[in-house]
Amino acid sequence: MNIVRRAATVMVVLVAAAAPALAQPGAEEVPPPAPRPAGTATRRRHDRHDPAGAGPGPQSQQPPVRAVVAPMNEDWNNVSHINGHPVKVGERGDYLYQYKKTNISSNPVGWMFGFYGLSVSHAVSPNIAVRADGNIFNIDDESGYEIGLTVPIYFKRVYQGPFLEGGLMVRQFDEQDCDWDGNCMPASPNVGPQVMFGWHWSFDSGRTSRWRSVPSAR
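Only a predicted model underlies this, so the values are computations on that prediction, with no experimental measurement involved. (Residues numbered from 1 in each chain as written. Predicted model: local features only at pLDDT ≥ 70, side-chain atom pairs only at ≥ 80, totals over all residues. Heavy atoms only, no water.)

### Details of the pairing of strand β11 (residues 208-212)
So, step 1. Here strand β10 (residues 190-202) pairs with β11 via five bridges, running antiparallel. Each bridged residue has a counterpart across the sheet, and for W199 the counterpart in β11 is W211.
So, step 2. A loop of five residues connects β10 with β11, the two strands running antiparallel in sequence, and G206 in this loop sits at a positive phi of about 95°. (Pairing = 2+ DSSP bridges. Helix = DSSP H or I, 4+ residues; strand = E, 2+ residues; numbered from the N terminus.)

Structure (structure tokens):
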């Protein structure tokens, strides 16, 4: 009986001594994991939003820039502008394609000197118009009339900027041609071509101003 007890005690001691070896046979000590490099956690957090895995650049670390809005101290209805961009008063037509089709004009300065006239222009394209004008004059005891039909060609836009104008003009003075015998007859009208160069201004009010060189006819 004692022999059995001794044998059981020896077996328990042997089993207890061999337990660590049986649990991890041939196990070696595993070194602790190496520390992660700086920025790894940041890159992983960034990877959740950036599938390409690109790390955060210098710009992402800058604070957001806030737009500075200028204070509004004038009503827009009192400001000359096009689509929110200010333009000088009277010069909005310089930035618009739209133009008037028909323009009626006269020479108010000529009225003071006995020169009365009326001109009507009609645009047939963005750069070409057809103009007809008639004038009656009484200057220095000479009177007569003048009729013209011309085609102004505008380099910029009709009724805006420089233009070249050519056409026909009929002019006649109320004078007589007399021969050596004293026989007089009314002078025949002068008919001939005319070519002029000028400049046209258009204002926001719809009024226009036109300057041109003095025409001639033969």
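### Some words on the sheet that holds β10
So, step 1. Read from one edge of the open sheet, seven strands run β3-β4-β5-β6-β7-β10-β11, paired in antiparallel fashion. The open sheet has two edge strands with one neighbour each: β3 (102-105) and β11. Each neighbouring strand pair of the sheet contributes to a mean axis angle of 25°, computed without reference to strand direction.
So, step 2. Looking at chain direction, strand β6 (residues 142-154) and strand β7 (residues 161-173) are connected through eleven bridges and run antiparallel. Paired with L149 across the two strands is L168, which belongs to β7. (Axes fitted to C-alpha atoms, helices over the stretch in contact; angles between N-to-C directions.)

### A short note on the pattern of salt bridges
So, step 1. Going through the model one piece at a time under the given rule, you end up with four salt bridges.
So, step 2. Between D94 and K156 there is a salt bridge, with the nearest N and O atoms lying 4.0 Å from each other. On the criterion of sequence distance, the pair formed by D94 in the loop between β2 (85-86) and β3 and K156 in the loop between β6 and β7 is long-range, its members being 62 residues apart.
So, step 3. A salt bridge links R131 to E165; its shortest N-O distance comes to 2.6 Å. Of this pair, R131 sits in strand β5 (residues 129-139) while E165 sits in strand β7, placing them 34 residues apart in sequence. (Salt bridge = Lys/Arg side-chain N within 4 Å of Asp/Glu carboxyl O.)

### Thoughts on the environment of F197
So, step 1. On the secondary structure map, F197 appears in strand β10.
So, step 2. On the accessibility criterion, F197 (39% relative accessible area) is partly exposed.
So, step 3. For the pair F197 and G166, spaced 31 residues apart in sequence, the C-alpha to C-alpha distance is 8.7 Å. (Buried < 20%, exposed > 50% of the residue type's maximum accessible area, 1.4 Å probe, protein only.)

### A look at the confidence of the model for the chain
So, step 1. Across the chain, pLDDT averages 76, with 65% of residues at or above 70.
So, step 2. Per-element averaging of pLDDT across the chain places helix α2 (residues 40-47) at the bottom with 47 and strand β4 (residues 115-123) at the top with 93.
So, step 3. Low pLDDT (under 50) marks residues 20-27, which in the prediction has zero contacts with non-local residues, meaning those over four places away or in another chain.
So, step 4. For residues 39-49, every residue scores under 50 in pLDDT, and the model assigns this stretch ten contacts once sequence neighbours within four places are set aside. (pLDDT = per-residue confidence, 0-100. Contact = heavy atoms within 4.5 Å.)

### Observations regarding the packing of aromatic side chains
So, step 1. As enumerated under the stated definition, the model contains five aromatic pairs in all.
So, step 2. Both rings, one in F115 and one in F137, keep their centres 6.0 Å apart while their planes meet at 10°; by these two values the pair is stacked. Taken together, the residues span a long stretch of sequence, with F115 in strand β4 and F137 in strand β5 at a distance of 22 residues.
So, step 3. Taken together, a centroid distance of 5.9 Å and an interplanar angle of 75° make the contact between Y154 and Y159 edge-to-face. (Phe/Tyr/Trp six-rings, centres within 6.5 Å; stacked < 30°, edge-to-face > 60°.)

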